[in-house]
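Architecture and fold: a report
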Amino acid sequence: MVRGKRIAVVVPAFNEADKIARTIRSVPGFVDHVLVVDDGSRDGTARQAIRSARRGLEVITHPANRGVGAAIATGYRRALELGADATAVMAGDAQMDPADLPRLLAPVLAGEADYAKGNRFAWPGCWRHMPVTRFVGNVVLSGLTRLACGYRVFDSQCGYTVASRSALVAIDPDAMFARYGYPNDLLGRLARAGIRVVDVPVRPVYGPGWRSGIRLTTVVYPILFLLARAFLLRVGARLVRRPPARVASVPAAPGPA
Ligand SMILES: Nc1nc2c(ncn2[C@@H]2O[C@H](COP(=O)(O)OP(=O)(O)O)[C@@H](O)[C@H]2O)c(=O)[nH]1
Ligand SMILES: [Mg+2]
């Protein structure tokens, strides 16, 4: 508990047997529920997670792989059932610095925002830590995401986030995009629901042995599709809400002489 609020952390994990115990151990002690979602791993991730035996730990297993967005949606549903006031996402590959969690939680617990997301670009010397392809790809997608969603945020692809209960309801975990690209889809949903979103600087973590399931060729098209849809839905909703234009009385044009 923090200031009387119940805190949950969702940990999506796919084949992270070598890192999951370290990730779970790193979650700060004030977190009430650590919800590990094993996304159909074949390397014993769930077994390693259960061994960590932390207070408030639950390991939920998808029988088959469904994608990182689906794993997070499963965790969000459970967090809502448990009555969490604020729910963070920390990936199962120890790529999120637990020291940043209190700063990410702060605006949500203070009621200043309903969704806080990490922004690694605001971290001094970020470009020295982030692989160059990631850096460039993220800058482009962040620009497009701003345009599509209308939020003045950056680092759209950062998965380190905190959502209030009302943000989770607005997101509707059942409708979340299942695979990579879920952060772009999610920001679009939040924008349509009028949810306040803030950026919080977080440390970029790309340690030795860093790997990722992201392949640019397979993620770019779905993300572009999601962004185009978010843009059209947002702009469309604004047009529908716009008050009807006043019809001025125009004097009849003089007829032909
Ligand atoms: N690659 C991948 N990761 C998944 C999946 N389901 C859950 N995850 C977890 O989602 C988190 C983020 O995935 P990762 O590939 O590291 O993405 P990146 O950190 O954005 O490069 C990790 O903790 C994964 O274990 C999945 O289907 N594919
Ligand atoms: Mg990762």
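Residues numbered from 1 in each chain as written. Chains lettered and ligands numbered in written order. Predicted model: local features only at pLDDT ≥ 70, side-chain atom pairs only at ≥ 80, totals over all residues. Heavy atoms only, no water.

Turning to the sheet that holds strand β5 (residues 115–119), a few remarks are in order. The strand order across the open sheet formed by 7 strands is β3-β2-β1-β4-β6-β5-β7, and the pairing between neighbours is mixed. Sheet topology places β3 (57–62) and β7 (197–201) at the edges, where each strand pairs with a single neighbour. Strand-to-strand twist across the sheet, computed as the mean angle between neighbouring axes with direction ignored, equals 20°. Here β5 pairs with β7 via 5 bridges, running parallel. Across the sheet, the residue bridging to Tyr 115 is Val 197, located in β7. Lying on the sheet, helix α3 (residues 68–81) is in contact with β1 (7–13), β2 (33–39), β3, β4 (86–89) and β6 (161–164); it crosses β2 at an angle near 145°. Seen against the sheet, helix α4 (residues 101–109) touches β1, β4, β5, β6 and β7 and runs at an angle of roughly 25° to β6. (Pairing = 2+ DSSP bridges. Helix = DSSP H or I, 4+ residues; strand = E, 2+ residues; numbered from the N terminus. Axes fitted to C-alpha atoms, helices over the stretch in contact; angles between N-to-C directions. Contact = heavy atoms within 4.5 Å.)

What follows covers the site of ligand 1. In the vicinity of ligand 1 there are 18 residues, among which Glu 16, Asp 39, Asp 93, Tyr 180 and Ser 212 approach most closely. In the environment of ligand 1, an oxygen atom lies 2.8 Å from a nitrogen or oxygen atom belonging to the side chain of Asn 65. Val 68 places a main-chain nitrogen or oxygen 3.4 Å from a nitrogen atom of ligand 1. If ligand 1 stood free it would expose 550 Å²; the protein chains cover 86% of that surface. For the shell around ligand 1, the residue count by class is 7 nonpolar, 6 polar and 5 charged. Both domains that furnish three or more residues to the shell around ligand 1 are identified here as domain 1 (1–94) and domain 2 (95–252). (Near = heavy atom within 4 Å. Polar contact = N/O pair within 3.5 Å; in protein donor to acceptor, adjacent residues only side chain to side chain. Areas by Shrake-Rupley, 256 points an atom, 1.4 Å probe, with all protein chains shown as cover. Nonpolar A, V, L, I, M, F, W, Y, C, P; charged D, E, K, R; others polar. Domains from an automatic or database assignment.)

What follows covers the side chain of Asp 97. Position of Asp 97 among the secondary structure elements: in the loop between β4 and α4. Judged by relative accessible area, Asp 97 falls into the buried class, the value being 16%. Setting aside anything within four residues of it in sequence, one finds Asp 97 in contact with Tyr 160, Arg 203 and Val 205. (Buried < 20%, exposed > 50% of the residue type's maximum accessible area, 1.4 Å probe, protein only.)

This brings us to the pattern of salt bridges. Applying the stated rule across the entire model yields 12 salt bridges. Here the salt bridges share partners, and the residues they tie into one network are Glu 16, Asp 18 and Arg 211. (Salt bridge = Lys/Arg side-chain N within 4 Å of Asp/Glu carboxyl O.)

Residue alternation in β6 divides its side chains into two sets, Thr 161 and Ala 163 and Val 162 and Ser 164, and both sets are buried. Of the strand pairs in this sheet, β4 and β6 are connected by 4 bridges, and their pairing is antiparallel. Residue pairing across strands places Val 89 opposite Thr 161, the latter belonging to β6. Examined bridge by bridge, β5 and β6 share 3 bridges and lie antiparallel to one another.

Right, let's talk about the domain arrangement of the chain for a bit. Partitioning the chain into domains gives domain 1 (1–94) and domain 2 (95–252). The centre of domain 1, based on its C-alpha atoms, is set 21 Å off from the matching centre of domain 2. In this complex, domain 1 contributes 36 residues to the contact, which on the side of domain 2 involves 31 residues. For domain 1, the biggest contributors to the area lost against domain 2 are Tyr 76, Leu 80 and Met 90; these three give 21% of the whole. The interface formed by domain 1 and domain 2 includes 3 salt bridges. Elements with a minimum of two residues in the side of domain 1 that touches domain 2: β1, α3 and β4. (Buried area = accessible area lost by both parts, 1.4 Å probe.)

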